[in-house]
Amino acid sequence: MSEKPFAGQTVVVTGGGTGIGRATALAFADAGAAHVIVTGRRQSRLDQIAALSPAIVKVQADVRTEEGAEQVAQAAQKHGGKVDVLVHNAGIYRQTPVGEADIQLARDMVETNIIGPVLLTKVLLPLITAPGGSIVFVSSVAGHNPEPYAAMYAVTKAGAHSLTLTWAKELANRGIRVNAVAPSAVRTEVYDANGLTPDQIDGIFKMFASNNPLGRTGVVEDVAPWILHFANPANSWVTGQILTIDGGFDLTSSSDSPYSPYTGPSEAAW
Ligand SMILES: NC(=O)c1ccc[n+]([C@@H]2O[C@H](COP(=O)([O-])OP(=O)(O)OC[C@H]3O[C@@H](n4cnc5c(N)ncnc54)[C@H](OP(=O)(O)O)[C@@H]3O)[C@@H](O)[C@H]2O)c1
């Protein structure tokens with residue numbers, strides 16, 4: 001395969017100022033992309049990544065809004081006039097235990113993790129290279145492996161799986177491929193909004209690591225290369241696939257979330 005498979009391409013990575021999205025955006029720039037449009041709400045994070053590569057185009061935009069989607073489209077018009085790769089990465093994780101689910105948090109997750117990609121894909125579709133374009137979702141093992149207390153997050157990621165499969169079929173006749181990665185625990189800021197201290201989260205990650213068949217949790221560099229593999233024009237006969245990246249976590253039975261700050265019973269009563 002070419003060392004610069006994305007030469008001349010325009011790539012969009014939502015939520016690319018931090019975590020998995022940041023690593024992915026930088027990897028696309030390294031792999032020759034001419035323009036990597038990176039979105040997010042925090043300008044400081046966008047400024048930081050833009051300083052690392054001339055290919056990075058920062059767009060402060062909220063994925064939940066039509067205005068945000070239009071801003072991304074305008075940036076793509078200006079930088080290449082097309083979109084070769086669209087990575088739906090922006091996402092939030094909040095816990096919503098069944099008996100005390102905060103409905104606003106549930107709505108926020110649906111708006112960010114599902115409506116955001118639907119809105120942006122609709123607006124960018126006329127710009128997506130056809131044939132040859134590629135859409136990649138950053139989903140989660142939670143989309144298929146139940147995590148107690150995180151049902152609404154899981155719903156959004158199962159929804160991402162459905163969008164992947166349905167759009168893969170719907171867009172195949174245009175030659176646009178749609179795939180997803182489904183990682184397990186990767187230590188990023190996504191965990192920081194659930195009321196635990198960094199030390200507590202570190203402790204939980206140690207526990208995740210000890211329960212993982214390959215003996216560790218993930219890092220962003222475990223995930224980003226697979227997003228690039230899916231998007232690589234050389235892999236033009238792969239669509240509708242959801243790749244679990246989890247160190248073998250799926251091989252173990254799902255269990256109570258050691259992450260949860262909630263203590264209610266989650267095991268079946270029978
Ligand atoms: N880390 C894991 O263990 C893990 C596992 C499975 C799946 N994932 C998925 O991986 C993706 C990336 O998460 P991460 O782990 O890298 O965490 P992260 O560092 O918190 O990244 C999430 C990114 O999404 C952006 N974002 C959130 N709401 C947004 C909005 N309304 N508009 C625009 N951007 C928004 C955030 O930027 P701003 O806050 O500045 O907007 C942030 O840059 C998410 O979809 C997550 O569900 C993560």
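Residues numbered from 1 in each chain as written. Predicted model: local features only at pLDDT ≥ 70, side-chain atom pairs only at ≥ 80, totals over all residues.

1. What about the confidence of the model for the protein?
When pLDDT is averaged along the protein, the result is 93; 93% of the residues meet or exceed 70. Throughout residues 266-270 the model reports pLDDT below 50, and contacts reaching past four residues in sequence, or to other chains, amount to three contacts. (pLDDT = per-residue confidence, 0-100. Contact = placed C-beta atoms within 7 Å.)

2. Re the site of the ligand
Looking at the ligand, there are 29 residues lining it, with Gly15, Gly19, Arg41, Gly91 and Val190 nearest. Of all elements in the fold, only helix 1 (19-30) and strand 2 (35-40) reach the threshold of two or more residues within the shell around the ligand. Split into classes, the residues belonging to the shell around the ligand amount to 10 nonpolar, 13 polar and six charged. (Near = placed C-beta within 6 Å. Helix = DSSP H or I, 4+ residues; strand = E, 2+ residues; numbered from the N terminus. Nonpolar A, V, L, I, M, F, W, Y, C, P; charged D, E, K, R; others polar.)

3. A closer look at the pairing of strand 1 (residues 10-13)
In strand 1, alternate side chains face the same way, and those of Thr10 and Val12 on one face and Val11 and Val13 on the other are all buried. For strand 1 and strand 2, the ladder comprises four bridges, and the chain directions are parallel. Paired with Val13 across the strands is Val38, a residue of strand 2. Two elements, strand 1 and strand 4 (residues 85-88), share three bridges in a ladder whose sense is parallel. Its bridge partner being in strand 4, Val12 is matched across the sheet by Leu86. (Buried ≥ 20, exposed ≤ 12 C-beta atoms within 10 Å, placed from the backbone. Pairing = 2+ DSSP bridges.)

4. Topic: the pairing of strand 5 (residues 134-138)
Along a regular strand, successive side chains alternate from one face of the sheet to the other. Counted residue by residue, strand 5 has five buried out of five residues, so it is predominantly covered. Both faces of strand 5 are covered, namely the face carrying Ser134, Val136 and Val138 and the face carrying Ile135 and Phe137. Where the polypeptide runs from strand 4 across helix 4 (residues 103-124) and back to strand 5, its parallel neighbour, the crossover connection is right-handed. Pairing between strand 5 and strand 6 (residues 177-183): five bridges, direction parallel. Bridging from a neighbouring strand, Phe137 pairs with Ala180 of strand 6. You can see the chain leave strand 5, run along helix 5 (residues 151-171) and come back into strand 6, and the turn it takes is right-handed. (Right-handed = clockwise from strand over helix to strand, strands pointing away.)

5. Observations concerning the UniProt feature "domain: Ketoreductase" (unreviewed entry) in the protein
Under the present numbering, the feature "domain: Ketoreductase" (unreviewed entry) in UniProt falls on residues 9-177. Here residues 9-177 is 45% helix and 15% strand, with 16 Å between the C-alpha atoms at its ends. (UniProt positions renumbered as here; feature names shortened; annotations may be inferred.)

6. So, unusual backbone geometry
The peptide bond linking Ala130 to Pro131 adopts the cis configuration, its omega dihedral lying at 5°. Among the secondary structure elements, Pro131 is positioned in the loop between helix 4 and strand 5.

7. Observations concerning helix 5
For helix 5, spanning 21 residues, the distance from its first C-alpha to its last is 29 Å, which sits close to the expected 30 Å at 1.5 Å a residue. Within the sequence span of helix 5, burial applies to Met152, Tyr153, Ala154, Thr156, Lys157, Gly159, Ala160, Leu163, Thr164, Trp167, Ala168 and Leu171. Looking at the buried side of helix 5, the elements it contacts are helix 4, strand 5, strand 6 and strand 7 (242-245). (Expected span 1.5 Å × (residues − 1).)

8. Concerning the nonpolar core
Counting residues in hydrophobic clusters, the biggest one holds 71 residues, and the most contacted among them are Phe28, Val36, Ile37 and Val72. The element that contributes the greatest number of residues to this core is helix 5, accounting for eight residues. (Core = buried A, V, L, I, M, F, W, Y, C linked by C-beta atoms within 7 Å.)

9. A few points about helix 1
Along an α-helix, residues three or four positions apart point the same way, because every turn accommodates 3.6 residues. Between the first and last C-alpha of helix 1 there are 17 Å, a value that for 12 residues agrees with the 16 Å anticipated at 1.5 Å per step. Burial of helix 1 is extensive: 11 of the 12 residues sit out of reach of the surface. When helix 1 is considered as a whole, its buried residues turn out to be Gly19, Ile20, Gly21, Arg22, Ala23, Thr24, Ala25, Leu26, Ala27, Phe28 and Ala29. In the stretch just after helix 1, Gly32 is the one whose phi turns positive, near 100°.

10. Some points on the sheet that holds strand 6
With parallel pairing, seven strands are arranged side by side in an open sheet as 3-2-1-4-5-6-7. The strands lining the two open edges of the sheet, one partner per strand, are strand 3 (56-60) and strand 7. Averaged over all pairs of adjacent strands, the angle between their axes in this sheet comes to 15°, without regard to strand direction. (Axes fitted to C-alpha atoms, helices over the stretch in contact; angles between N-to-C directions.)

11. Observations regarding the environment of Val181
Note on placement: Val181 falls in strand 6. Sequence separation between Val181 and Ser2 is 179 residues; the distance between their C-alpha atoms is 22 Å.

12. Some words on the packing of helix 4 against helix 5
Between helix 4 and helix 5, the least distance of the axes is 9 Å, while the angle of their chain directions is 15°. Classified by the angle between their axes, helix 4 and helix 5 sit roughly parallel to one another. By crossing handedness, the relation of helix 4 to helix 5 is classed as right-handed. Listed contacts from helix 5 to Ala106, Met109, Val110, Asn113, Ile114 and Pro117 of helix 4 are Met152, Tyr153, Thr156, Gly159, Ala160 and Leu163. Here the residues of the contact of helix 4 with helix 5 are counted per class, giving nine nonpolar, three polar and no charged. (Parallel < 35°, antiparallel > 145°, perpendicular 65-115°, else oblique. Left-handed = near helix turned anticlockwise from the far one by under 90°.)

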